[in-house]
Amino acid sequence: MTVVRSASETIFERFTESLADLIVSYTGSEANIISDFSDHLELEITSIVGLSSEEVSATVSLASSQEAALSLSTFPLACAHDWMGELANQLAGRLKNKLCAYGLQMNLSTPTTIQGNRLQLTSSALETFSVNAQFPMGGAIAQISLNVDPNLDLTEKPTESSSEEGSLELF
Amino acid sequence: MSSNILVVDDSATVRQQVGTALRQSGFNILEACDGLQGAELIAKGGIDCVICDVNMPNMNGIEMIRKVKGEPGNENLPIVMLTTEGSKELITQAKEAGAKGWIVKPFKADLLVAAVEKLTGSLAVS
């Protein structure tokens, strides 16, 4: 029996995969990702990136402690504020690239980063999906809020693809 | 003589990462935080290769390529995009604008160095 997924569900799945890929690329090990909007994480910094197309508008946010954000790097960093923006950028970028396979061409905004104490991410009126990722040096909350054209049907198109992360192409 | 590489990215951390990888291989590094600043530095001359992000405020990477390639003397300046973007459509736009390469973040330092060495026609001076 074929399971029919909504466009939103498909986007949420790809979002979770994108977060998992991000964590693996910077820690070398898989994160424990759960669909739990846990409030026990100390969130000190969050960065937000927008994605938009004719059919979908989305906001991707990534939040963690400063220490956890800095741990997600392959070399020593001093500025969590800037790096968090780049992490959110890479998370949204990975999602955008995965959605290319469904023929969705989305535009990315530049990231906006906020620092504070005990930040709280709350859901909005849009469809919202949050996941909690645990990795060696801490954890992070990743959230995506969606506004999807109700007529959008996402089907993978084998001819549509994007370049892989880390790839180099010289023209 | 070491080649001068301009790194254009709105993320100071990415500029730092790229700069470190290339300095370790003997390249001189200049930095710009957006396409507008990048174009201004290129106009001053002396740049041998550019590593450039796509999504940036003020002027994005593809707009910057179109601007600098429209100016005399930059016809052969190699510009490589370093970005989270991977869509074929965007890569085609960059190629048509005059980009010489495309790297999808996160980058591998050895690939980046090899690409810059090839495009500048230099072996690393350590």
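Owing to the predicted nature of the structure, the values given are computational and were not obtained by experimental measurement.

Student: If you had to explain the side chain of arginine 94 of chain A to someone new, which residues and values would you point to?
Tutor: Its location among the elements puts arginine 94 of chain A in helix H3 (residues 80–100). Setting aside residues up to four positions removed in sequence, arginine 94 of chain A forms contacts with Ser18, Asp21, Leu22, Ser25 and Glu165 of chain A together with Pro106 of chain B.

Student: How would you explain the sheet that holds strand E8 (residues 168–170) of chain A if you had to name every residue and give the values?
Tutor: The six strands are arranged E8(A)-E5(B)-E4(B)-E3(B)-E1(B)-E2(B) in an open sheet whose pairing can be described as mixed. With one partner strand each, in any of the chains shown, E8 of chain A together with strand E2 (28–32) of chain B form the two edges of the open sheet. Direction aside, the axes of adjacent strands within the sheet are offset by 15° on average. Bridging between strand E1 (residues 4–8) of chain B and strand E3 (residues 49–52) of chain B involves four bridges; their strand directions are parallel. Among the inter-strand pairings, leucine 6 of chain B is bridged to a residue of E3 of chain B, identified as valine 50 of chain B. Where helix H1 (residues 12–23) of chain B meets the sheet, its contacts fall on E1, E2, E3 and strand E4 (79–83) of chain B, and the angle it forms with E2 of chain B comes to roughly 165°.

Student: Tell me what's going on with the packing of H1 of chain B against helix H5 (residues 109–120) of chain B, and back it up with residues and numbers.
Tutor: Residue and element names in this part refer to chain B. For the pair H1 and H5, interaxial distance at closest approach is 10 Å and the crossing angle is 65°. Between H1 and H5, the crossing angle belongs to the class labelled roughly perpendicular. When you trace H1 past H5, the crossing you get is right-handed. Contact with H1, carried on its side by Val18, Ala21 and Leu22, involves Ala109, Leu112, Val113 and Val116 of H5 and no other residues of that element. Looking at the contact of H1 with H5, its residues break down into seven nonpolar, no polar and no charged.

Student: How would you sum up the interface of chain A and chain B? Please name residues and give values.
Tutor: Taken together, the 32 residues of chain A in the interface contact 33 residues of chain B. Across the interface of chain A and chain B, roughly 2600 Å² is buried in total on both sides, 56% from carbon and sulfur atoms. Here chain A and chain B share two salt bridges between them. Taken together, the connections running from chain A to chain B amount to 13 residue pairs in polar contact (both at pLDDT 80 or more). Looking at the side of chain A that touches chain B, the elements that each hand over two or more residues are helix H1 (7–27), H3 and E8 of chain A. For the side of chain A that touches chain B, the leading source of residues is H3 of chain A, giving ten residues. Here the side of chain A that touches chain B is built from residues that sort into twelve nonpolar, 13 polar and seven charged. Of the strand pairs in this sheet, E8 of chain A and strand E5 (residues 101–104) of chain B are connected by three bridges, and their pairing is antiparallel. Bridge pairing in E5 of chain B links glutamate 169 of chain A to tryptophan 102 of chain B.

Student: Can you explain the environment of leucine 62 of chain A? Please cite residues and give values.
Tutor: Examined against the element boundaries, leucine 62 of chain A turns out to sit in strand E3 (residues 56–64). Leaving out residues up to four positions away in the same chain, leucine 62 of chain A has contacts with Leu19, Leu22, Ile45, Thr46, Ser47, Met84, Leu87, Ala88, Leu91, Ala140, Ile141 and Ala142 of chain A.

Student: Describe the confidence of the model for chain B, with residues and values.
Tutor: Per-chain confidence: chain B averages 93 in pLDDT, with 96% of residues scoring 70 or above. The ipTM assigned to the predicted complex is 0.83, against a pTM of 0.89.

Student: Residue-level account of the pattern of salt bridges, with values.
Tutor: Per the counting criterion, the structure on display carries eleven salt bridges over all chains. Arginine 14 of chain A is the salt-bridge partner of glutamate 13 of chain A, the closest N and O atoms lying 3.4 Å from each other. Judged by relative accessible area, arginine 14 of chain A falls into the buried class, the value being 13%. When the shortest N-O distance is used, the salt bridge between lysine 105 of chain B and aspartate 53 of chain B registers 3.9 Å. With lysine 105 of chain B in the loop between E5 and H5 and aspartate 53 of chain B in the loop between E3 and helix H3 (61–69), this pair connects stretches of sequence that are 52 residues apart. For the pair lysine 105 of chain B and aspartate 53 of chain B, a shared accessibility class is recorded, and that class is buried.

Student: Describe unusual backbone geometry, listing the residues and the values that go with them.
Tutor: Note that the residue after lysine 105 of chain B, namely proline 106 of chain B, is joined by a cis bond; omega there is 0°. In this structure, arginine 118 of chain A is a non-glycine residue whose phi angle is positive, near 50°. Within the secondary structure layout, arginine 118 of chain A lies in the loop between strand E5 (112–115) and strand E6 (127–135). Judged by relative accessible area, which is 67%, arginine 118 of chain A ranks as exposed. Positive phi outside glycine occurs at asparagine 58 of chain B, with the angle close to 70°. Overall, the relative accessible area of 63% leaves asparagine 58 of chain B in the exposed class.

The rules we used
Residues numbered from 1 in each chain as written. Chains lettered and ligands numbered in written order. Predicted model: local features only at pLDDT ≥ 70, side-chain atom pairs only at ≥ 80, totals over all residues. Heavy atoms only, no water. Helix = DSSP H or I, 4+ residues; strand = E, 2+ residues; numbered from the N terminus. Contact = heavy atoms within 4.5 Å. Pairing = 2+ DSSP bridges. Axes fitted to C-alpha atoms, helices over the stretch in contact; angles between N-to-C directions. Parallel < 35°, antiparallel > 145°, perpendicular 65-115°, else oblique. Left-handed = near helix turned anticlockwise from the far one by under 90°. Nonpolar A, V, L, I, M, F, W, Y, C, P; charged D, E, K, R; others polar. Buried area = accessible area lost by both parts, 1.4 Å probe. Salt bridge = Lys/Arg side-chain N within 4 Å of Asp/Glu carboxyl O. Polar contact = N/O pair within 3.5 Å; in protein donor to acceptor, adjacent residues only side chain to side chain. pLDDT = per-residue confidence, 0-100. Buried < 20%, exposed > 50% of the residue type's maximum accessible area, 1.4 Å probe, protein only.

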